[in-house]
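One letter stands for each residue in the lines below.
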Amino acid sequence: MMPPPSLAQALIALRGTEADTLRLRNAVSKSVREHLETVRAHAQTRLASDGLGTTCAEYLSRAQDDIVASIFAFAKEALGTKGSARTLSVIAVGGYGRGTLAPGSDIDLLFLVSDTANPEVAGLVEFMLYALWDARQKVGHATRTIDECLNFARSDNTIMTAILEARLICGDAPLFAALDGRYRKSIMQKGIKTFVTDKLAERDHRHEKAGVSRYAVEPDLKDGKGGLRDLNTLFWIAKALFDARSIDELEAKGVFTREELKRFKKCEDFLWTVRCNLHFLAARGEDKLSFDCQTDMALRLGYKAHGGLRPVERFMRHYFLIAREVGNLTRVFCASLEARHLKDAPSIGSVFSRLLPRKSRNRLLPSGFAMDAGRINLTDETVFKADPVNLIRVFALSAERGVDIHPDALRSISGTLRLIDDNLRQNAEANRLFLTVLGDASDPETMLRAMNESGVLGRFMPEFGKVVAMMQFNMYHHYTVDEHLIRTVGVLRGLETGALADEHPLSVKLFPTLKSRRALFVAGLLHDIAKGRPEDHSIAGERMARVICPRLGLDAAETETVAWLIRHHLLMSETSQMRDLNDFKTIMDFAAIVQSPERLKLLVILTVADIRAVGPGVWNGWKGQLLRTLFSEAEPLLTGGHTAVTRKERVADAQARFIAENPKLGGTEKTAVIQRHYDAYWLNVPLAQQVRHAALVKRASPRDVTTDIKTDAFTAITEVTVYVPDHPRLLATITGACAAANANIIGAQIFTTTEGMALDTILLKREFAEEADEQRRATRVAETITKALRGQLRLKEAMAQAKKPEFRVEAFEVEPRVIIDNTSSNKQTVVEINGRDRVGLLHDLCDALYQLNLNIASAHVTTFGEKAIDVFYVTDLTAAKIESESRAKKIEEALIEVLRKT
């Protein structure tokens, strides 16, 4: 496969042409554009053939060098500036300076001059830049003298790094050599330790900005944790410290072992392969591996479905394993820096050490371990081989003493993972130590993550190893399965310590009363252990728990509890969000499965932890209130009718708390508010919402439409509440107006007052990051709803004319399903509808139900990422259930048709 010829050959025909500078430049730009198309086509064909991303990036960099040098040579002759060109060096800096370039990357150039006032040099630089810009290349540039470069480098870490990677493309070589020499002598040699510290701090800040977890399911290939920039940072530091001109020199300099260097290159090549393919796929410089390109990327790279995982899930798992490896290499590198006293060792006050008394940290360590710079290290290299239990013990000691594990010890762990075999997995002491980490550590989340990233957790518990780095291809889960499970344990610990008392008062109150605390922590770690299998993960997980728990040392009763919790870990969230909690049949069915007060307490706590660990913004006050209501309704049934607080008392308590929150209400107003709402309202609506609703009703005009908006950047949810006379098509009209305003509905709370007024709150997905922009957007949505309800808007036309937003849900497939259920309610037929979410879906469903002559008694709208699950309690026009099979079939077919609509 021959590469295209040099651009210089294409420019030969332009030499000697009688034309002004502008025409010459335009002709050069045209040739550059044509050459670039050929170069990129060749690079893409070659990448598809050999799959070598680093090779592709190096080829594109060399091709860019040829373009820059060819334009430089042509411009010198065309402009007659050959003599002045001797005082100009054209230098590649930044990523381009490293000799690797992605298809859509910026071209960073430094024009090094001896005199910035030379007009001939300025003309030459201008010709080159405009020729590149007109060829549609993204060029970043600076024209500076050596003194200016050094002065900027002293005050700007970014410029210091850019010059560190400087590489001469063409022009005056002695001038570039002078810059390189003075830079190393006056900048790098005098501030090595500061440079190292600044680069590591810059990395930490970048991780925080991009999202701390390397297991976020839409990672940033370049700036995310475990991405290319982390590898770049290691090389920048190595180049500054050891004058390493290439990655290969890091082994000779003693930074990495041969095996570690091999892993470095493997990670780098994989990330470059994905990045180059992503740029070609997106036809631009895109570095975020978003949902809408992950499937195409997986197919492009040749991944196949296997073992219950789709191609995209196998590809993303590979990505996250590489990201973890980058993290391991970073730890090894930092240990090398510490050994050379070029990086300060972290203090004893790690993220969890402050929770323990100092005397527990200073107690004598067992044989084979010693304190090293405030961290646990090994006394010799045979510690793990002599007793493989030490591979678990080192983490238990770290948790017990509240100190970190030294990177050298972690390096030794990575090299001895083969010692974790069935003998160790069955070892009673090893399992006892593991349970102390899981259940007794002050910060089990941090310790489990350390065990996971070192590879120990997945080897010690092979069932967990199968979900390590496993990504679920949906928009609901924000993290990989293993990260979600570890975060779940972290939330459980936060509930137990009371750290989350303000947000989860019920769970925090229940925790001290548990009799099965250890079983709860084990269930938290294992509840999604069977993800990625063809069968239901709750059923498979229950079966797996019956094998894992005895091995860990749990007794028969604890094993049964863990198995039951895993089997039913979704029961409480699904019941509270998708069923009518005011229908007593719902509560009875739920209680029949739970069967005991202890299980109820365990389940509500696990449900809270599970939802919170899904990702930012998934938990909200509505979900919390629904869980508390379900708990309170089910508790009397499970305690034989004996409970501390009856339903009537809970309603009275909610009303009393509302009155206390509004002390200025007069007697008549108090009575009016109390009598306005049914019991369901008081039990299911959070106090803060009740207060807002009261203010809304107070300012409402009789028989007219009144709205209220509330935005929340943290949960990324905007609430629009509507107070209006109730009527059969109300919900369809409100949801249609939202669709006309391009608002994506992700939930709804619907109530009717004793006065026949509807009080409906629609939860919308936030669209703008800036609060002022979101407020304006919410106001427009509320105004559209008002116009629609007043008959001032032709709804169908407005919906048809609305601009269709670009939602990432189009990257997903959700099989449409409609379930018509007459067993879950004594009075109504329950219609559960599952399908892919889209703007206007809820309106279309409500409208279809209206057209089918069905009355909606209650609606429960939930969204799990791209999947919408809408549940309606309906009757026919005579207030009876839908008993006819033919009628039910007609309803199902009509709703399926709505779900298939795009």
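All of the points below concern the structure found in this document. (Residues numbered from 1 in each chain as written. Predicted model: local features only at pLDDT ≥ 70, side-chain atom pairs only at ≥ 80, totals over all residues. Heavy atoms only, no water.)

As a further point, take the side chain of Asp269. For Asp269, the position within the fold is in helix H12 (residues 258-282). At 10 Å, Lys266 is the nearest oppositely charged side chain to Asp269, a buried residue that forms no salt bridge. Not counting the four nearest positions on each side in its chain, Asp269 is found in contact with Gly51, Leu52, Gly53, Thr54 and Thr55. (Helix = DSSP H or I, 4+ residues; strand = E, 2+ residues; numbered from the N terminus. Buried < 20%, exposed > 50% of the residue type's maximum accessible area, 1.4 Å probe, protein only. Lys, Arg positive; Asp, Glu negative; His and termini not counted. Salt bridge = Lys/Arg side-chain N within 4 Å of Asp/Glu carboxyl O. Contact = heavy atoms within 4.5 Å.)

Considering all chains together, one arrives at 56 salt bridges under this definition. Note that Asp50 and Arg46 form a salt bridge whose closest N and O atoms lie 4.0 Å from each other. In this pair, Asp50 and Arg46 are both assigned in helix H2 (residues 21-50), four residues apart and thus about one turn of the helix distant. Glu496 is the salt-bridge partner of Arg517, the closest N and O atoms lying 2.4 Å from each other. Of this pair, Arg517 sits in helix H26 (residues 517-526) while Glu496 is found in helix H24 (residues 481-497), placing the two residues 21 residues apart along the sequence.

Our focus in this paragraph is the state of the cysteines. Note: disulfide means a covalent bond formed between the sulfur atoms of two cysteine side chains. Considering all chains together, one arrives at zero disulfides under this definition. Cys276 supplies the cysteine sulfur nearest to Cys56, a cysteine that is in no disulfide, at a spacing of 4.0 Å. Unpaired in terms of disulfides, Cys738 finds its nearest cysteine sulfur in Cys846, a separation of 11 Å. (Disulfide = S-S within 2.5 Å.)

The N-to-C vectors of helix H29 (residues 571-578) and helix H30 (residues 584-594) enclose an angle of 180 degrees; their axes lie 11 Å apart at closest approach. With respect to H30, the axis of H29 lies roughly antiparallel. Where H29 approaches H30, its residues Leu571, Met572 and Thr575 are matched on the opposing element by Thr586, Phe590, Ile593 and Val594. Of the residues belonging to the contact of H29 with H30, the class tally is five nonpolar, two polar and no charged. (Axes fitted to C-alpha atoms, helices over the stretch in contact; angles between N-to-C directions. Parallel < 35°, antiparallel > 145°, perpendicular 65-115°, else oblique. Nonpolar A, V, L, I, M, F, W, Y, C, P; charged D, E, K, R; others polar.)

What follows covers the sheet that holds strand E3 (residues 139-144). The strand order E3-E2-E1-E4 describes an open sheet built from four strands, whose pairing is mixed. Each having just a single partner strand, E3 and strand E4 (167-171) make up the two edges of the open sheet. Strand-to-strand twist of the sheet, defined as the mean angle between neighbouring strand axes without regard to direction, takes the value 25 degrees. When strand E1 (residues 88-92) meets E4, the two strands line up antiparallel, connected through four bridges. Residue pairing in the sheet places Ala92 in a bridge with Arg167 of E4. In this fold helix H6 (residues 146-155) packs onto strand E2 (107-113) and E3, with an angle of close to 115 degrees to the strand it touches most, E3. (Pairing = 2+ DSSP bridges.)

Positive phi is not limited to glycine here, since Ala283 has a value of about 60 degrees. Tracing the backbone through its elements, the reader meets Ala283 in the loop between H12 and helix H13 (291-300). Residue class for Ala283 comes out exposed when judged on its relative accessible area of 71%. Notably, Asn742 is not glycine yet its phi reads approximately 60 degrees, a positive angle.

What follows is about the environment of Ala373. Its place among the elements puts Ala373 in the loop between strand E5 (369-372) and strand E6 (375-378). For Ala373 and His406, which are 33 residues apart along the polypeptide, the C-alpha to C-alpha distance reads 8.3 Å.

Another point: the nonpolar core. One finds Ile71, Phe256 and Phe434 to be the most contacted residues of the largest nonpolar core, which totals 224 residues. No other element matches the 13 residues that helix H14 (residues 311-339) contributes to this core. Sequence-distant contacts of Phe434, defined by excluding residues within four places in its chain, comprise Ile392, Leu448, Met451, Leu457, Phe460, Met461, Leu525 and Leu552. Grouped together as the second largest cluster of nonpolar side chains are 51 residues, Ala798, Val839, Leu854 and Leu899 included. (Core = buried A, V, L, I, M, F, W, Y, C linked by side-chain atoms within 4.5 Å.)

A full pass over the atoms with the stated rule returns ten aromatic pairs. With a centroid separation of 5.9 Å and 45 degrees between ring planes, the pair formed by Phe256 and Phe264 is classed as tilted. Between the aromatic rings of Phe511 and Phe521, the centroid separation amounts to 6.3 Å while the plane-to-plane angle is 55 degrees, which identifies the pairing as tilted. Here the residue Phe511 occupies a position in the loop between helix H25 (505-510) and H26, and Phe521 occupies one in helix H26, the gap between them amounting to ten residues. Here the two residues Phe511 and Phe521 agree in accessibility, since each one is buried. Following the ring pairs from residue to residue traces out a cluster consisting of Phe658, Tyr681, Trp682 and Phe751. Above the face of the Phe152 ring, Arg144 is positioned so that its terminal group lies 4.4 Å from the ring centre. Lying across the ring of Tyr479, Arg487 places its NZ or CZ 3.9 Å from the centre. (Phe/Tyr/Trp six-rings, centres within 6.5 Å; stacked < 30°, edge-to-face > 60°. Lys NZ or Arg CZ within 6 Å of the ring centre and 35° of its normal.)

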